[in-house]
Amino acid sequence: CIALELVCRPPAFAQPFNSAQVEINYLLDYVELSGCEFHRTGRWHDSLQARQHLRTKFEYFAARKGIETAEEFIDKAASKSSLSGHSYEVRCGDCTSIATGAWLSAVLARYRVVAKRASGTP
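Source: prediction; values computed, not measured.

### A closer look at the nonpolar core
- Leu27, Phe73 and Trp103 are the most contacted members of the largest nonpolar core, which totals 23 residues.
- Mapped by element, the contributors of at least two residues to this core are helix 2 (18–34), helix 3 (47–64), helix 4 (70–78) and helix 5 (100–119).
- Residues contacting Leu27, with those up to four places away along its chain left out, are Ala70, Phe73, Ile74, Leu104, Val107 and Leu108.

### As for the sheet that holds strand 4 (residues 98–99)
- Spatially, four strands are ordered 2-1-3-4 in an open sheet, and the strand pairing comes out antiparallel. What marks the edges here is a single partner per strand, and that holds for strand 2 (43–45) and strand 4.
- Both strand 3 (residues 89–91) and strand 4 contribute to a ladder of two bridges, which runs antiparallel. Residue pairing in the sheet places Glu89 in a bridge with Ala99 of strand 4.

### Re unusual backbone geometry
- Residues other than glycine seldom take positive phi values, yet Thr41 does so here, at roughly 50°.
- Position of Thr41 among the secondary structure elements: in the loop between strand 1 (37–40) and strand 2.

### Quick word on the packing of helix 3 against helix 4
- Following both chains from N to C, one finds helix 3 and helix 4 inclined at 105°, their axes separated by 9 Å at the closest point. Classified by the angle their axes make, helix 3 and helix 4 are roughly perpendicular. Listed contacts from helix 4 to Leu54, Lys57, Phe58 and Phe61 of helix 3 are Phe73, Lys76, Ala77 and Ala78.
- Residues belonging to the contact of helix 3 with helix 4 are distributed by class as follows: six nonpolar, no polar and two charged.

Criteria and cut-off values
- Residues numbered from 1 in each chain as written.
- Predicted model: local features only at pLDDT ≥ 70, side-chain atom pairs only at ≥ 80, totals over all residues.
- Heavy atoms only, no water.
- Core = buried A, V, L, I, M, F, W, Y, C linked by side-chain atoms within 4.5 Å.
- Buried < 20%, exposed > 50% of the residue type's maximum accessible area, 1.4 Å probe, protein only.
- Helix = DSSP H or I, 4+ residues; strand = E, 2+ residues; numbered from the N terminus.
- Contact = heavy atoms within 4.5 Å.
- Pairing = 2+ DSSP bridges.
- Axes fitted to C-alpha atoms, helices over the stretch in contact; angles between N-to-C directions.
- Parallel < 35°, antiparallel > 145°, perpendicular 65-115°, else oblique.
- Nonpolar A, V, L, I, M, F, W, Y, C, P; charged D, E, K, R; others polar.

What is shown is where atoms sit, not what they do.
As structure tokens, this is what we get:
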């Protein structure tokens, strides 16, 4: 019975549903390829460092608190410091910095519009 239960029951650290994982991976790739700078822990970091940090936080939260949607990823892992509670910021080029959560939410919305068009869904 125990062996069967271990096989049939999903692990407590189950990854999000496939569509959410695709969207989260897109957001992580977007962060890295953006070339923008990300402010956390009192200093600016390049886009590769930001991606690595957000990926690590995603894995932590997915394993412990569950992340089932891209919105939960943005809210739980990509918007603010878990330690200080300070919001992350992003700045691209000479533009003024904005909250990373708002920036990623806009990126996600654009991604969904393009994905919907590509799938032919009205």
